[in-house]
Amino acid sequence: MASFQPSNVNISRDESILNFTKSRNTEPTREVLTVIQITCYSIIIVIGTIGNVMLVFDLATKHYLKTSQYFILNLATVDLLTCALSIPFDISLVVLGGWPFGPVMCRIVYPLQTILIAVSVFTLLCMAVERHRAILHPLKPKIPGKVIMLVILLNWVIATGLMSPYAAALTIKDGHCAENWPNNDPRYPKAFSLCVFLILYLSPLCVITAAYTCVGIRLRANSHKAELLVGTLSCKSRLAKSRTQRNIRIVKFFVLAVVAFALCLLPFQVMWMWSDFGNGQDWSHFNEVLTFANVMAYANSAVNPYIFGALGSRYNSYNCLRQKNRKGRYFARNTFPFHSFIRKRRSTGNKKLLKSPEISVIKRNSPTPNENRSRGNSNLTNALFESSV
């Protein structure tokens, strides 16, 4: 599970599989496949690095982050590490055809690749739980930033702990970084692949699906209530309707990120399970499909920043991938420049008008409030007297 390299994946599980797949592919086919793979990897590196750097920079320079933005920042960091570390290592393995980095890096690079996948899925899971809590229990106190950072750190620790047995099993064999499980028992790699599939793919996606289903049901009910308040002039009703629509749109983007993760990792997971529990390596096109699965898995790191960037371009809660032009972007009613300018001119003109001689004469001749009250009482007395007569 650790390596995205087709040939190296096969070596790490069964060295004969690699020789078999190579024998099934002619030399020109392997060359074309290598060129396509390196080209796709290079495109993913460029697009993913640009998007994730912009997203990380935008969120890291904020003075205050919302709960979801902590998780988005962590996810962008994971994707940036994938584009900057994981993919270049795989390109070097494709070009060199062996493992030239030594036994220490052998036990670091491949587990790190799987750790990044684990942190990504754990972060998406935390985002789903946070949205579930915020929408279904809006009266609960907000989660402090220190608690969120502690949760993120715990995700990294758990992911590292899950990959520690795999790191211990890696060693250099015939110039390649391969797995060396105790007594070469085939049950160990199968158990590891099954645990990775269940813990890092199937189970989190089931929990995420359940969480967003509950969120969708609640938002749908809230939207129906908001439709009944369309004709009202209450400020609270308008605010509730706006908040419901905004939550629906934000959840849509979060669900889109989960769908992208599930679709991009699905071919990779299927190929691993097929290789360990079936006879996928006997298929003549196994290496080509595995290359496509690797590209799809890495493509997820280039897709995520633009999903959340699209979210930031529409809603000021996430200012991702936008220039920080603070002046003239969002204004309250009394801080809008033209509005304040007109208001100032009006107030200045009113002051000048009140100081004019004509207004002074009117003020001097106009009765005081006490005089108006006494005149009103006398008029009321006269009217009552006349009516009685």
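Nothing here was measured: the structure is a model prediction, and the numbers come from that model.

**Considering the packing of helix H4 (residues 67-96) against helix H6 (residues 145-169)**
Next up, step 1: Close contact between H4 and H6 brings their axes to 9 Å; oriented N to C, the two are set at 30°. Relative to H6, the element H4 lies roughly parallel. The handedness of the crossing between H4 and H6 comes out as right-handed. Packed against H4, whose contacting residues are Thr-67, Tyr-70, Phe-71, Asn-74, Val-78 and Leu-81, the element H6 presents Gly-145, Ile-148, Met-149, Val-151, Ile-152 and Trp-156 at the interface.
Next up, step 2: Its residues assigned to classes, the contact of H4 with H6 shows 9 nonpolar, 3 polar and no charged.

**Regarding the packing of aromatic side chains**
Next up, step 1: Enumeration over the complete set of coordinates arrives at 11 aromatic pairs.
Next up, step 2: Ring geometry for Trp-181 against Phe-192: centres 5.9 Å apart, planes inclined by 45°, an arrangement best described as tilted. Linking Trp-181 in the loop between strand S2 (176-179) and helix H7 (187-228) with Phe-192 in helix H7, this pair joins segments that are 11 residues apart in sequence. For the residue pair Trp-181 and Phe-192, the accessibility class agrees, reading buried in each case.
Next up, step 3: An angle of 65° between the planes, with centres 6.1 Å apart, marks the rings of Phe-254 and Phe-308 as edge-to-face. Remark: Phe-308 occurs in helix H9 (residues 286-314) and Phe-254 occurs in helix H8 (residues 235-277); sequence separation between them is 54 residues.
Next up, step 4: Residue Phe-254 is classed as buried on the basis of its relative accessible area, which comes to 1%.

**Observations regarding the side chain of Asn-155**
Next up, step 1: Inspection of the secondary structure puts Asn-155 in helix H6.
Next up, step 2: You can call Asn-155 buried: its relative accessible area is 8%.
Next up, step 3: Excluding residues within four positions of it along the chain, Asn-155 makes contact with Val-119, Phe-122, Thr-123 and Cys-126.

**Examining the state of the cysteines**
Next up, step 1: Counted under the stated rule, the structure contains 1 disulfide.
Next up, step 2: Each sulfur in the disulfide pair Cys-106 and Cys-177 lies 1.8 Å from the other. Because the torsion about its S-S bond is 80°, the bridge between Cys-106 and Cys-177 counts as right-handed. Residue Cys-106 is found in helix H5 (residues 102-136), and its partner Cys-177 is found in strand S2; the two are separated by 71 residues along the sequence. Cys-177 matches Cys-106 in its accessibility class, with the two residues each being buried.

**Some details on H4**
Working note: α-helix, 3.6 residues per turn, so residues spaced by three or four point in the same direction.
Next up, step 1: Between its terminal C-alpha atoms H4 stretches 44 Å, which fits the 44 Å expected from 30 residues at 1.5 Å a residue.
Next up, step 2: The largest bend in H4 comes to about 35°, at Thr-82.
Next up, step 3: Most of H4 is tucked away: 22 of the 30 residues are buried.
Next up, step 4: Positive phi appears at Gly-97, one or two residues downstream of H4, with a value of about 80°.

**Some thoughts on empty space enclosed by the protein**
Next up, step 1: Overall, the coordinates contain 2 cavities of 30 Å³ or more when judged by the stated rule.
Next up, step 2: If you trace the largest cavity, you find 15 residues lining it, with Thr-82, Ile-117, Ser-120, Ala-297 and Ser-301 closest to the centre.
Next up, step 3: Those elements giving two or more residues to the lining of the largest cavity turn out to be H4, H5, H8 and H9.

**Remarks on the pattern of salt bridges**
Next up, step 1: Throughout the structure, instances matching the rule amount to 2 salt bridges.
Next up, step 2: With its nearest N and O atoms 3.1 Å apart, the salt bridge here joins Arg-131 to Glu-130. An identical accessibility class is assigned to Arg-131 and Glu-130; each is buried.
Next up, step 3: A salt bridge links Arg-187 to Asp-185; its shortest N-O distance comes to 2.8 Å.

**Quick word on a nonpolar patch on the surface**
Next up, step 1: A contiguous nonpolar patch, built from Leu-150, Leu-153, Leu-154, Val-157, Ile-158, Leu-162, Leu-194, Leu-198, Ile-199, Leu-202 and Phe-277 and spanning about 930 Å² of accessible area, is present on the exposed surface.
Next up, step 2: The set of elements that each furnish at least two residues to the nonpolar patch consists of H6 and H7.
Next up, step 3: Per element, the largest residue contribution to the nonpolar patch is 6 residues, and it comes from H6.
Next up, step 4: Mapping Leu-202 onto the fold places it in helix H7.

**Brief notes about the pairing of strand S1 (residues 170-173)**
Next up, step 1: Sheet topology places S1 next to S2; 4 bridges connect them, and they run antiparallel. Paired with Ile-172 across the strands is Cys-177, a residue of S2.
Next up, step 2: Adjacent in sequence and paired antiparallel, S1 and S2 are bridged by 2 residues, among which Asp-174 carries a positive phi angle near 55°.

**A closer look at unusual backbone geometry**
Next up, step 1: Even without a glycine there, the phi angle at Asp-174 is positive, about 55°.
Next up, step 2: Structurally, Asp-174 can be placed in the loop between S1 and S2.

**Considering H6**
Next up, step 1: For H6, built from 25 residues, the straight-helix expectation of 36 Å at 1.5 Å per residue is met to within 8% by its first-to-last C-alpha distance of 37 Å.
Next up, step 2: In H6, a bend of some 40° at Met-163 exceeds every other bend along the element, and Pro-165, a proline, comes one to four places later.
Next up, step 3: Taken together, the buried positions of H6 are occupied by Ile-148, Ile-152, Asn-155, Ala-159, Met-163, Tyr-166, Ala-167 and Ala-169.

Rules used in this analysis
- Residues numbered from 1 in each chain as written.
- Predicted model: local features only at pLDDT ≥ 70, side-chain atom pairs only at ≥ 80, totals over all residues.
- Heavy atoms only, no water.
- Axes fitted to C-alpha atoms, helices over the stretch in contact; angles between N-to-C directions.
- Helix = DSSP H or I, 4+ residues; strand = E, 2+ residues; numbered from the N terminus.
- Parallel < 35°, antiparallel > 145°, perpendicular 65-115°, else oblique.
- Left-handed = near helix turned anticlockwise from the far one by under 90°.
- Contact = heavy atoms within 4.5 Å.
- Nonpolar A, V, L, I, M, F, W, Y, C, P; charged D, E, K, R; others polar.
- Phe/Tyr/Trp six-rings, centres within 6.5 Å; stacked < 30°, edge-to-face > 60°.
- Buried < 20%, exposed > 50% of the residue type's maximum accessible area, 1.4 Å probe, protein only.
- Disulfide = S-S within 2.5 Å.
- Expected span 1.5 Å × (residues − 1).
- Bend = angle between axes of the 7 residues up to and from the residue.
- 1 Å grid on protein atoms, 1.4 Å probe; cavity = no way out; pocket = protein on both sides within 12 Å on 5 of 7 lines; lining within 4 Å.
- Points joined across faces, edges and corners; volume = space filled by probe spheres on them.
- Salt bridge = Lys/Arg side-chain N within 4 Å of Asp/Glu carboxyl O.
- Patch = residues over 30% accessible without salt bridge, like charges linked within 9 Å, V, L, I, M, F, W, Y side chains within 5 Å.
- Areas by Shrake-Rupley, 256 points an atom, 1.4 Å probe, with all protein chains shown as cover.
- Pairing = 2+ DSSP bridges.

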